[in-house]
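# Secondary and tertiary structure notes
Single-letter residue listing:
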Amino acid sequence: AQQLGTPLSNQEYRQFFRYLRVAHRASTACLLRELHGCQNPLVQRLDAYENHGVIPEGPICSELPGTPFFPDFCAFSFYRCTRKKYFIKV
């Protein structure tokens, strides 16, 4: 069992994003995030699933060049959507 709040493994990410791999599906999920924010129940379920059941609180660090820090998981996910980098992990 994975520790609550930790990112998915590479294999788990492949499974998680399998449904979203088609560009219009990923963009639809991002549009939902843009329109309704991170408080939307479906968005929260996706975020929790992506992190083994718990949406991380507080700052999120990343290995992205030039963007090493996000104030929270919502900002990180929104960044992925706006840059169309759906499969970037923290």
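Residues numbered from 1 in each chain as written. Predicted model: local features only at pLDDT ≥ 70, side-chain atom pairs only at ≥ 80, totals over all residues. Heavy atoms only, no water.

### Regarding the overall build of the protein chain
Scanning the protein chain for helices and strands turns up four helices and two strands. Along its sequence from the N terminus, the protein chain presents helices and strands in the succession α-α-α-β-β-α. Compactness check: the protein chain gives a C-alpha radius of gyration of 12 Å against a globular reference of 12 Å for 90 residues, within 12% of the reference. In terms of overall dimensions, the protein chain has a C-alpha envelope of 30 × 30 × 25 Å along the principal axes. Residues counted as buried form 36% of the 90 residues belonging to the protein chain. Put simply, of all contacts in the protein chain between residues at least 6 apart along the chain, 51% involve residues at least 24 apart. (Helix = DSSP H or I, 4+ residues; strand = E, 2+ residues; numbered from the N terminus. Rg over C-alpha atoms; globule rule 2.2 N^0.38 Å. Buried < 20%, exposed > 50% of the residue type's maximum accessible area, 1.4 Å probe, protein only. Contact = heavy atoms within 4.5 Å.)

### A closer look at helix α3 (residues 41-50)
Because the α-helix completes a turn every 3.6 residues, residues three or four places apart line up on one side. Where α3 is concerned, the buried positions are V43, D47, A48 and E50. Down the axis of α3, the sector holding all buried residues measures 160 degrees, keeping them to one side. Those residues of α3 that are exposed and aimed more than 90 degrees away from the buried face are P41 and R45. Where α3 begins, the capping side chain belongs to N40, and its oxygen is found 2.9 Å from the backbone nitrogen of L42. (Arc of directions from axis to C-beta. Polar contact = N/O pair within 3.5 Å; in protein donor to acceptor, adjacent residues only side chain to side chain.)

Function cannot be read off these values alone, since they describe shape.
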